[in-house]
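# Overview (structure and organization)
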Amino acid sequence: MKKTFLKIFLIITFIPIMLTILNVIKSYFYGYEIVMMSGLDIPLSFGFKAVYNYLWFMFSFTCLGIITIPVITICIIYQVWYFSIRNKQNQGKQK
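Described in the following lines is the structure provided in the data block. (Residues numbered from 1 in each chain as written. Predicted model: local features only at pLDDT ≥ 70, side-chain atom pairs only at ≥ 80, totals over all residues. Heavy atoms only, no water.)

### Description of a positive patch on the surface
Convention followed: Residues enter patches when their relative accessible area tops 30% and they take part in no salt bridge; the joining distance is 9 Å for like charges and 5 Å for the nonpolar side chains Val, Leu, Ile, Met, Phe, Trp and Tyr. Exposure was quantified through the Shrake-Rupley algorithm and a 1.4 Å probe, taking into account, for residues, occlusion by the shown protein chains and nothing else. In the sections that follow, a salt bridge refers to a side-chain nitrogen of Lys or Arg positioned within 4 Å of a carboxyl oxygen of Asp or Glu. Charged residues are defined here as Lys and Arg on the positive side and Asp and Glu on the negative side; His and the ends of the chain fall outside this count. Charge positions come from single atoms, namely NZ of Lys, CZ of Arg, CG of Asp or CD of Glu. The secondary structure listing takes helices from DSSP runs of H or I that are at least 4 residues long and strands from runs of E that are at least 2 residues long, numbered from the N terminus.
Taken together, K3, K7, R86 and K93 make up a surface patch of like positive charges. Every element with two or more residues in the positive patch is listed here: α1 (2-30) and α3 (65-94).

### Things to note about the packing of aromatic side chains
The test is simple: Any pair of Phe, Tyr and Trp rings, taking the six-membered ring for Trp, is counted once the centres come within 6.5 Å. Such a pair is stacked with planes under 30 degrees apart, edge-to-face with planes over 60 apart, and tilted for the rest. Only protein chains enter the area calculation, which uses a 1.4 Å probe; residues under 20% of their type maximum are buried, those over 50% are exposed, and those in between are partly exposed.
Summed over the entire model, instances satisfying the criterion amount to 8 aromatic pairs. Seen from their ring centres, Y28 and F48 are 5.4 Å apart, and the 65° between their planes marks the pair as edge-to-face. Of this pair, Y28 sits in helix α1 while F48 sits in helix α2 (residues 48-59), and the two are 20 residues apart along the sequence. What makes F48 exposed here is its relative accessible area of 69%. By way of ring pairs, the aromatic residues F5, F9, Y78, W81, Y82 and F83 are connected into one cluster.

### Description of the side chain of S27
Note the following rule: Polar contact is the term for a pair of N or O atoms within 3.5 Å; when the atoms are in protein, one must be able to donate a hydrogen and the other to accept it, and sequence-neighboring residues count only if both atoms are side-chain atoms. Contacts were defined at the residue level, with two residues in contact if any of their heavy atoms lie within 4.5 Å.
Inspection of the secondary structure assignment puts S27 in helix α1. Polar contacts involving the side chain of S27 include one to the main-chain carbonyl oxygen of V24, which spans 2.9 Å. Sequence-distant contacts of S27, that is, excluding residues within four places in its chain, are made with Y32, S45, G47, A50, V51 and Y54.

### Here's the deal with α1
For clarity, the threshold we go by: Between the first and last residue of a helix there are one fewer steps than residues, each counted as 1.5 Å, and that sum is the expected span. One axis fitted to the seven residues ending at a residue, another fitted to the seven starting there: the angle between these axes is the bend at that residue.
When the terminal C-alpha atoms of α1 are compared, their 42 Å separation across 29 residues agrees well with the 42 Å that a helix rising 1.5 Å per residue should span. Along its length, α1 shows its largest kink, about 25°, at P16. Every buried residue of α1 is accounted for by L6, L10, T13, T20, V24 and S27. Positive backbone phi, at 90°, marks G31, one or two positions downstream of α1.

This is how it looks when you write it as structure tokens:
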């Protein structure tokens, strides 16, 4: 039961990273634009400028960085922890 829960949680921790990568690819080809009522306007742009605007919006502390930076950090820490535990278990079985 514990191994199943850990594997399911590992799959869940890949979701924020994959969504970020997919949105970077999408913004490169289809463009990225933000219009907010607070006055923050990012005009429609394509290519590397759109990727820069998307990453700035997602990881800036004035926008969504307060949420995305801790979430992605926790996901990466869990993945490293999971694979290090799994690696130790596999080394113990080989001996």
